[in-house]
Amino acid sequence: MDILYNNEGVPLMMHSDIAFYDTKLDKQTADERRRVLFPYDDTRHDFIEVAGLRVLSWGKDNLFPWHAAETVRNTTVLNTGLRFLRNLTMGQGIFACKVKGYNDKGDEILQPVEDSSYQRFVGSRMVRRYMEKTLRDFLKVGISAVQFVPNAAGNKIIGLNAINSLYFRFTEPLDAMGSQNCVVSGSWDLSPSSYSILPLLSDYSPENHAELLRFMGKMKGGFVYPVRDSWSNDDIYGEPIWWPAYVAGWVDIAHMVPQFLKKAYKNQTTWKWHVQIPYSFWDKKFPLTAFKDANLRRQAIDKYMSSIEKNLLGAENAEKPIFTNYAVNEMNGRIEEEWKILPLSNKYSAGQENLVTSAAANSEILFSLMVNPNVLGAGMPGGSYAGNQGGSNIREAFLVNIANSWIDRQNILDPLQLYMQLNGAPDDLQLRFRNTILTTLDTGAGTSHQLS
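Residues numbered from 1 in each chain as written. Predicted model: local features only at pLDDT ≥ 70, side-chain atom pairs only at ≥ 80, totals over all residues. Heavy atoms only, no water.

### Let's talk about the overall build of the protein
Regarding its fold elements, the protein presents 13 helices and 18 strands. Looking at the protein residue by residue over its 452 residues, the buried ones come to 40%. Within the structure as shown, the protein displays about 25,700 Å² of accessible surface, and the carbon and sulfur contribution to it stands at 53%. (Helix = DSSP H or I, 4+ residues; strand = E, 2+ residues; numbered from the N terminus. Buried < 20%, exposed > 50% of the residue type's maximum accessible area, 1.4 Å probe, protein only. Areas by Shrake-Rupley, 256 points an atom, 1.4 Å probe, with all protein chains shown as cover.)

See the structure below:
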């Protein structure tokens, strides 16, 4: 609280020393942040030398997975949207079957596999853990690396391990056939001193590549199966599905709006009044004769007014009353030395506008994930982003998400199919997903179960 006094030590004007400031993210800072987070670019070849191999840097500082994971973790709707896609893609699990034919509608006629060991395998914790971790990295950073773990003899695969994207990097192609290695290390801020190197299966024909490794006796140490989406045209690391929303700035907006509102609501005066104090009040409350000099009187007034100000500020003081005294002139009956407290008109409306902007940012992020905001209850009641949140729209949007998940589901099933093939499964064995489908009440049930 700053107070302006006259020569006699009487307060003339006061203003609060508590203020709210908003720091604007300038273009240079924004460009620097995007430079750090930008994934590997085919036109820029940054390398790290590891055991004589040239390892391709993932991002400008080779720490893209760390930055991507932090961005997802700190962005509410992005984190929730990706988690929704992971859960939707996994469905209600998978089952082993054989395709016996097709009906008149073109739907597959499926027959369960008689060997129960395959059903136990696809329902095991190892498979569930593999699918969950593979989809985590596939959605967060655009690629996942699945390690095939062999037995001691190297003639059988006994496990699948999705390597955390924080710890693996790929080498540049070693020959015209595109052969690569996967380097796994716990530290990538510098060239790692402790690491393991595993063969990386060819993206063109991973099945034939795995058979070749087994034929050559090079399967004893295991190998890595890359699971990536080719949409970005980046054949090394790929790009996450949410990347366009980040480049366009919607992720930054989703961060800045709640930060602004939090600071605004925390620091604004919750009791918006104009307090008028008569000069005679100070003579009675702080008489000159009670102080040795004017400076001590000023300090007392400063302390008193700071306590008044603190009573008006902060969420914990909202709606708190203030008590004052006044005198009545016995000669004319007029009130004197009265504090006048008048309400101020609050013109601040940025809060409501920012909430609309935040909702728009949330919708744009979900659009980049190809998720209808209505499915998550994020549809806006009006404007450009308005949507009908009725049950029919939610059901239709959910069905669209399931239809769009086909390619992602096939990508995560491919390593499982190869695992069973290498362990002697029949060629006609297939894997399919179980889905829970939302239905209307007239069907007599809220959900139905389908296979895909």
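Don't stop here, the text continues.
### Some words on the side chain of N401
As for its placement among the helices and strands, N401 is situated in helix α12 (residues 391–404). Among the polar contacts made by the side chain of N401, one reaches the main-chain carbonyl oxygen of M370 at a distance of 2.9 Å. When neighbours within four sequence positions are excluded, N401 is seen to be in contact with F84, L88, M370, V371 and V375. (Polar contact = N/O pair within 3.5 Å; in protein donor to acceptor, adjacent residues only side chain to side chain. Contact = heavy atoms within 4.5 Å.)

### Things to note about the packing of helix α3 (residues 76–90) against helix α5 (residues 125–140)
At a minimum axis distance of 10 Å, the contact between α3 and α5 shows a crossing angle of 140 degrees. If you check the angle between α3 and α5, you find them oblique. Judged by the sense of rotation from one axis to the other, the crossing of α3 with α5 is right-handed. Contacts from L82, L85, R86, T89 and M90 in α3 reach R128, M131, E132, L135, L139 and K140 in α5. For the contact of α3 with α5, the class distribution of residues is six nonpolar, one polar and four charged. (Axes fitted to C-alpha atoms, helices over the stretch in contact; angles between N-to-C directions. Parallel < 35°, antiparallel > 145°, perpendicular 65-115°, else oblique. Left-handed = near helix turned anticlockwise from the far one by under 90°. Nonpolar A, V, L, I, M, F, W, Y, C, P; charged D, E, K, R; others polar.)

### Structural notes on the packing of helix α2 (residues 64–74) against α3
Close contact between α2 and α3 brings their axes to 5 Å; oriented N to C, the two are set at 100 degrees. By the criterion of interaxial angle, the relationship of α2 to α3 is roughly perpendicular. Contact with α2, carried on its side by T71, V72, R73 and N74, involves T76, L78, N79 and L82 of α3 and no other residues of that element. Tallied by class, the residues present in the contact of α2 with α3 amount to three nonpolar, four polar and one charged.

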